[in-house]
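Take a look at the letters that make up each chain.
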Amino acid sequence: MAPSRLSIITVTHNRRELLLQKLRALAAQTLSPEHFELVVGVNGDADGTLEALQEASAPYRMTVLSFEVPLSVAAARNACAAAATGAVLYLSDDDCSPHPETLAAHLAAQAAPCVAVGGLEFVHSGQVETWRPKRVSFWNLNGANVSLPAAAFRAVGGFDERLEGYGGEDVLLGYALHRYGLPFRALPEARAQHLGPNPVRGGNLHKARSAGRNAARIARQHPELAYRLGVHPALLALKGVALRPGALWRALAPERYAYERAYLEGALSERDPASERGTL
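Residues numbered from 1 in each chain as written. Predicted model: local features only at pLDDT ≥ 70, side-chain atom pairs only at ≥ 80, totals over all residues. Heavy atoms only, no water.

Visitor: Would you mind showing me how to read the packing of aromatic side chains here?
Guide: Working definition: an aromatic ring pair is given by the centre-to-centre distance plus the angle between the planes. Across all of its chains, the model carries five aromatic pairs by this definition. On the numbers, 5.1 Å between centres and 55° between planes, the contact of phenylalanine 138 with tyrosine 175 is tilted. Here phenylalanine 138 is found in the loop between strand S7 (127-131) and strand S8 (146-149), whereas its partner tyrosine 175 is found in helix H6 (residues 169-180), with 37 residues between them in sequence. Accessibility expressed as a relative area gives 7% for phenylalanine 138, which makes it buried. Counting every residue linked through ring pairs, the aromatic cluster contains Phe138, Trp139 and Tyr175. Above the plane of the ring of phenylalanine 159 lies arginine 77, whose end atom (NZ or CZ) is 4.9 Å from the centre. Over the ring of tryptophan 139 we find arginine 228, and its NZ or CZ is 3.6 Å from the ring centre. (Phe/Tyr/Trp six-rings, centres within 6.5 Å; stacked < 30°, edge-to-face > 60°. Helix = DSSP H or I, 4+ residues; strand = E, 2+ residues; numbered from the N terminus. Buried < 20%, exposed > 50% of the residue type's maximum accessible area, 1.4 Å probe, protein only. Lys NZ or Arg CZ within 6 Å of the ring centre and 35° of its normal.)

Listed below in structure tokens is the structure:
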């Protein structure tokens, strides 16, 4: 079978119904199915995801990788990218469903190689929060709706697998591609629906702490990114004051406050060099 033009990279963990909804969204794409493939990594399976994928019928080619021992997000995505045949990689999480015209828009954008960042619609509890990018840079790379040349991904070594837990791998890949010389392009017309809240308003404080820890680890390796990641010592000091328990915005925006507080706690926990444990 001839290589696909575009390879969708998805890693999933016990989200069978969300993934099946994603498969239906891919079948509805305006891009002809012979031009794209789905490479999905099942990162642990306790809900029948693997069986559902094996039974699924799709008009596009689908490659399923199964990791009996769950990998980090970075390692699992890298494994999927290694199995991909497309000249273009499209990063799309298991809870993200692209609109019908999205894959075609990304493939067209890659006529001039770039990192193309599409728009997102966060759907949660009957509410929709829309993000339409106008100007983007390396910190906007995400795993929800982004395309890039496979050759560039491989040239920079893919996602950095030294990071542990959640957060930071997207920004670090974006920075590597920026230094590689790949331009970043906003693609607001290429939309994807994210079935769940915006992470900074989702209330998952475990993920927020992990993201803060990883941000501090990245900043030790790349001090020039400390301000962008919000973990420069001066910023941490200011946040410590702004995020004190009696801060007014705790009452005005409790979910955002809780996320930022947990992120700060994670970053501060990494200030002791003894906590590096061989990571970044």
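Visitor: What's the story with the side chain of glutamine 110 in this structure? I'm lost.
Guide: Tracing the backbone through its elements, the reader meets glutamine 110 in the loop between helix H4 (102-109) and strand S6 (115-124). Residue glutamine 110 is classed as buried on the basis of its relative accessible area, which comes to 9%. There is a polar contact of 2.9 Å between the side chain of glutamine 110 and the side chain of serine 147. Apart from residues no more than four positions distant in its own chain, glutamine 110 is found in contact with Val88, Ala116, Ser147, Leu148 and Pro149. (Polar contact = N/O pair within 3.5 Å; in protein donor to acceptor, adjacent residues only side chain to side chain. Contact = heavy atoms within 4.5 Å.)

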